[in-house]
Amino acid sequence: MRIAVPAETQGAETRVAVTPETVRKFIGLGADIVVEKGAGLASGITDADYEAAGASIAKNAKEALKGAAIVLKVRRPAEAELASLPAGALVIGTMDPYGNEAALEGLAKAKVAAFAMEFMPRITRAQVMDVLSSQANLAGYRAVIDGAAEYGRALPMMMTAAGTVPAARIFIMGVGVAGLQAIATARRLGAIVTATDVRPATKEQVESLGAKFLAVEDEEFKQAQTAGGYAKEMSKEYQAKQAELTAGHIAKQDIVITTALIPGRPAPKLISAAMVESMKPGSVIVDLAVERGGNCELAKPGEVAVTPNGVKIIGHLNVPGRLPATSSQLYAKNLFAFVETLIDKAEKKLAVNWDDELVKATALTRDGAVIHPNFAAKPAPATEGSVQNG
Ligand code: NAD
């Protein structure tokens, strides 16, 4: 049972899908691991580290992939890699399939079974496989570090012989996994922290971290959380009330960190150009939602924009990739935990249970077809001559 780890090729990715720790664990399950030369370098892992853990090093991706039963990735394989993927192999990574249906077809045509780790159900058994949480947590931490680095003042209050430095005010908008870590990190650095969200459950979480909660707590707010634990898209009326409440607050902040997302929808716009204009020169906005359209109207993907009134708007892409060693460490553990469920430990061979709910939720392609219900071609109309409406 060969497991291949080709180097990442997409979008200057700095993370890697295995660490020496998980290489040892895979070998313990009876696998051979082949890692492409240099695959871990950006995460601080050398070929020698992988070899010491028992992996062999291939000189290029093609050689690494030869005969692989499982291919582990951070990102979806690029089109140029498809031809080298062995037919029948399981290809596991974050696949980013929405809006990339052609790439999905490509994986199906390559006859691989592609699995999207980001579709892992958020149930107790799969918590250890939850790449969204492991990476969002680190993004939340890094957002504060990035914001602090661009901010021209200190965060904690300091009383020195030369005078008193006031504590910075940091406002976190959206308190899911990333936002909660941002609150904790900002508090550790001594800032005065406030936070907002549309889900009522977040109020207690924010307060338990020592931050102040600020939100429009009307009837709609009470219903804003879906059964799955996510936010709904709020009505125009709610959005207007929310903007009115937060506008005055944002004007007084030193750093605003936004993390608000709604599954399957563009990120809600929470900071208008007028709100940015109301902020003091030198203040900073960190928009973690920039890859999904951004929470701040003026955020630019991949850039640190400076507005005419001197506000810096940070729009870094792939924020977990800005902490590659830690992100890889946790991502690799998430992958291992899932792959372990696909292996028969006694026989030391692949044994995928296609009826398992984790497999069903994450499998995108199999045997040449797109099989995931969100993407598979809709069946043709059931009966000939049936009346079609519309
Ligand atoms: P997410 O990334 O989808 O969204 C981030 C936050 O933005 C959410 O808290 C959301 O409520 C908020 N938001 C959306 N629209 C907003 C708006 N207009 N204004 C302000 N905030 C807005 O969320 P996530 O980090 O993936 O977490 C979603 C939920 O899943 C949370 O309840 C989290 O605790 C839960 N969760 C559960 C598990 C598990 O049980 N295994 C694991 C991880 C997360």
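Data block above holds the structure.
Quick caveat, the model's predicted, so the values are computed rather than measured. (Residues numbered from 1 in each chain as written. Predicted model: local features only at pLDDT ≥ 70, side-chain atom pairs only at ≥ 80, totals over all residues. Heavy atoms only, no water.)

**Points about the pairing of strand S5 (residues 90-94)**
Piece 1. For S5, the buried fraction is high: four of the five residues fall into the buried class.
Piece 2. Of the pairings in the sheet, the one linking strand S4 (residues 70-75) to S5 comprises four bridges and is parallel in character. Each residue of the ladder has a partner; that of Val71, found in S5, is Val91.
Piece 3. As paired elements, S5 and strand S6 (residues 113-116) share four bridges and run parallel to each other. Bridge pairing in S6 places Leu90 opposite Ala113.
Piece 4. Crossover connection from S5 via helix H5 (residues 101-109) to parallel S6: handedness right-handed. (Buried < 20%, exposed > 50% of the residue type's maximum accessible area, 1.4 Å probe, protein only. Helix = DSSP H or I, 4+ residues; strand = E, 2+ residues; numbered from the N terminus. Pairing = 2+ DSSP bridges. Right-handed = clockwise from strand over helix to strand, strands pointing away.)

**As for the site of the ligand**
Piece 1. Close to the ligand lie 21 residues; Arg122, Ser133, Val177, Asp197 and Arg199 are nearest.
Piece 2. The separation between a nitrogen atom of the ligand and a polar side-chain atom of Gln127 is 3.5 Å.
Piece 3. For the ligand, whose accessible area on its own is 840 Å², the fraction buried by protein is 83%.
Piece 4. Of the residues belonging to the shell around the ligand, the class tally is 10 nonpolar, seven polar and four charged. (Near = heavy atom within 4 Å. Polar contact = N/O pair within 3.5 Å; in protein donor to acceptor, adjacent residues only side chain to side chain. Areas by Shrake-Rupley, 256 points an atom, 1.4 Å probe, with all protein chains shown as cover. Nonpolar A, V, L, I, M, F, W, Y, C, P; charged D, E, K, R; others polar.)

**Quick look at the packing of helix H6 (residues 131-150) against helix H7 (residues 177-188)**
Piece 1. Two numbers describe how H6 lies on H7: the axes approach to 7 Å, and their chain directions differ by 40°. Classified by the angle their axes make, H6 and H7 are oblique. Judged by the sense of rotation from one axis to the other, the crossing of H6 with H7 is right-handed. Counting all contacts with H6, which are made through Ser133, Ala136, Asn137, Gly140, Tyr141, Val144 and Ile145, the residues of H7 involved are Val177, Ala178, Gln181, Ala182, Thr185 and Ala186.
Piece 2. Grouping the constituent residues of the contact of H6 with H7 by class yields eight nonpolar, five polar and no charged. (Axes fitted to C-alpha atoms, helices over the stretch in contact; angles between N-to-C directions. Parallel < 35°, antiparallel > 145°, perpendicular 65-115°, else oblique. Left-handed = near helix turned anticlockwise from the far one by under 90°. Contact = heavy atoms within 4.5 Å.)

As far as function goes, none of this settles anything; it's purely spatial.
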